[in-house]
Amino acid sequence: MDEQVVIERRFRGPPDSGHGGYACGLVAERLASPCVAVSLRHPPPLEQPLSVALHEHGAVVLLDGDRLIAEGAPADLRLEVPTPVSLGQARHASAASPWVERHPFPGCFGCGPERSQNEAVAIVMGRVAGSDLCAAPWTPLAEFADDGAVTPLFVWAALDCPTAALAVPEDAPASVLARLTGRLVAPVVPERTHTVVAWLIGHDGRKHRGGAAIYAPDDELCAYSEGLWIELRDPAKMGART
């Protein structure tokens, strides 16, 4: 395996780098495993050729020349996933999301309030009243699918940002996704409204871990993930990953 890929500006997270979950998906979809862990080492560049290659011990890497952007390998993620909330609860939570007013990257493909689910993933998470969960609806675009199911690339894109909803403290410095571990369980059907649920897993100093799950309209679990977010020591240096 040695392929060339380009992350278009449409698939950005911060203004000048690729969306973390999308970049992880480029790696994960090339591994024949339902559960994969992908570590991000540097921000994924936009609008330039990158290489996806098979690495030692069955890992897959995303490279910018000789610079390692991301690396992934099969994993074994098992989480206690919360039960789904109703679609009405998810819609109400999303509509009241505080991120609409103070999102640091409003153009983010995965969760930016300036984006729309008519052209992006754009899952805007909000707190579910009376619970320890965040939730939002997601209606995947038909163009995200192949053979009747959303491709792993876009499922991974959807599993990224929600993991930060409760994991990253509101008063924390800028934080970046360092690792995303995901397990795909059942097909995500395009053009049907799913619910996405997020919860806190834990904190360890500058490291924050959150979970996310995607549920089908009939409440079947489709996928879940754990995101590891790390606070930047110097938020002005967005170009460095820990």
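What you see is a predicted model, and the numbers here were worked out from it, not measured in a lab.

This next bit is on the sheet that holds strand β4 (residues 60-64). Strands belonging to one sheet form pairs held by backbone hydrogen bonds; the direction of such a pair is parallel or antiparallel. Ordered in space as β1-β3-β4-β5-β2-β10-β13-β12-β11-β7-β6, the eleven strands form an open sheet in which the pairing is antiparallel. Both edges of this open sheet fall to β1 (2-6) and β6 (126-127), since each of them pairs with a single strand only. Bridge count between strand β3 (residues 49-54) and β4: four bridges; the pairing is antiparallel. If you follow Val 52 over to β4, its bridge partner there is Leu 62. Those strands touched by helix α1 (residues 20-28) are β1, β2 (35-40), β3, β4, β5 (67-74) and β10 (175-184), and its axis lies near 125° from that of β2.

Let us now look at the packing of aromatic side chains. Counted according to the given criterion, the structure contains eight aromatic pairs. Through pairs of rings, three or more aromatic residues link up here, namely Phe 11, Tyr 22, Phe 109, Phe 144 and Phe 154.

This brings us to the layout of surface pockets. Space left empty within the atom packing is revealed by a probe, the size of a water molecule, rolled over the atoms. One number sums up the size of the largest pocket: a volume of about 760 Å³. Contributing to the lining of the largest pocket are 38 residues, with His 103, Pro 104, Phe 105, Ser 175 and Trp 229 lying nearest its centre. Among the elements of the structure, α3 (99-102) and β10 are those that each provide at least two residues to the lining of the largest pocket. Of the residues assigned to the lining of the largest pocket, the class counts are 24 nonpolar, nine polar and five charged. There is about 250 Å³ of room inside the second largest pocket. In this structure, the second largest pocket is lined by 15 residues; those nearest its centre are Arg 127, Cys 134, Ala 165, Leu 166 and Glu 170.

A few words on the pattern of salt bridges. If you walk through the whole model with that rule in mind, you get nine salt bridges. The salt bridge involving Glu 29 is made with Arg 30; its shortest N-O contact spans 3.0 Å. For Glu 29, a relative accessible area of 33% gives the class partly exposed. Note that Glu 226 is salt-bridged to Arg 209, the shortest N-O span being 3.2 Å.

So, on to helix α2 (residues 87-95). Three or more residues of α2 are buried, namely Ala 90, Ala 93 and Ser 94. Take α2 and look down its axis: the buried residues cluster within an arc of 95°, on one side only. Within α2, the exposed residues directed more than 90 degrees away from the buried face are His 92 and Ala 95. On its buried face, α2 sits against β6, β7 (134-138) and β11 (194-204).

Calculation criteria
- Residues numbered from 1 in each chain as written.
- Predicted model: local features only at pLDDT ≥ 70, side-chain atom pairs only at ≥ 80, totals over all residues.
- Heavy atoms only, no water.
- Pairing = 2+ DSSP bridges.
- Helix = DSSP H or I, 4+ residues; strand = E, 2+ residues; numbered from the N terminus.
- Contact = heavy atoms within 4.5 Å.
- Axes fitted to C-alpha atoms, helices over the stretch in contact; angles between N-to-C directions.
- Phe/Tyr/Trp six-rings, centres within 6.5 Å; stacked < 30°, edge-to-face > 60°.
- 1 Å grid on protein atoms, 1.4 Å probe; cavity = no way out; pocket = protein on both sides within 12 Å on 5 of 7 lines; lining within 4 Å.
- Points joined across faces, edges and corners; volume = space filled by probe spheres on them.
- Nonpolar A, V, L, I, M, F, W, Y, C, P; charged D, E, K, R; others polar.
- Salt bridge = Lys/Arg side-chain N within 4 Å of Asp/Glu carboxyl O.
- Buried < 20%, exposed > 50% of the residue type's maximum accessible area, 1.4 Å probe, protein only.
- Arc of directions from axis to C-beta.

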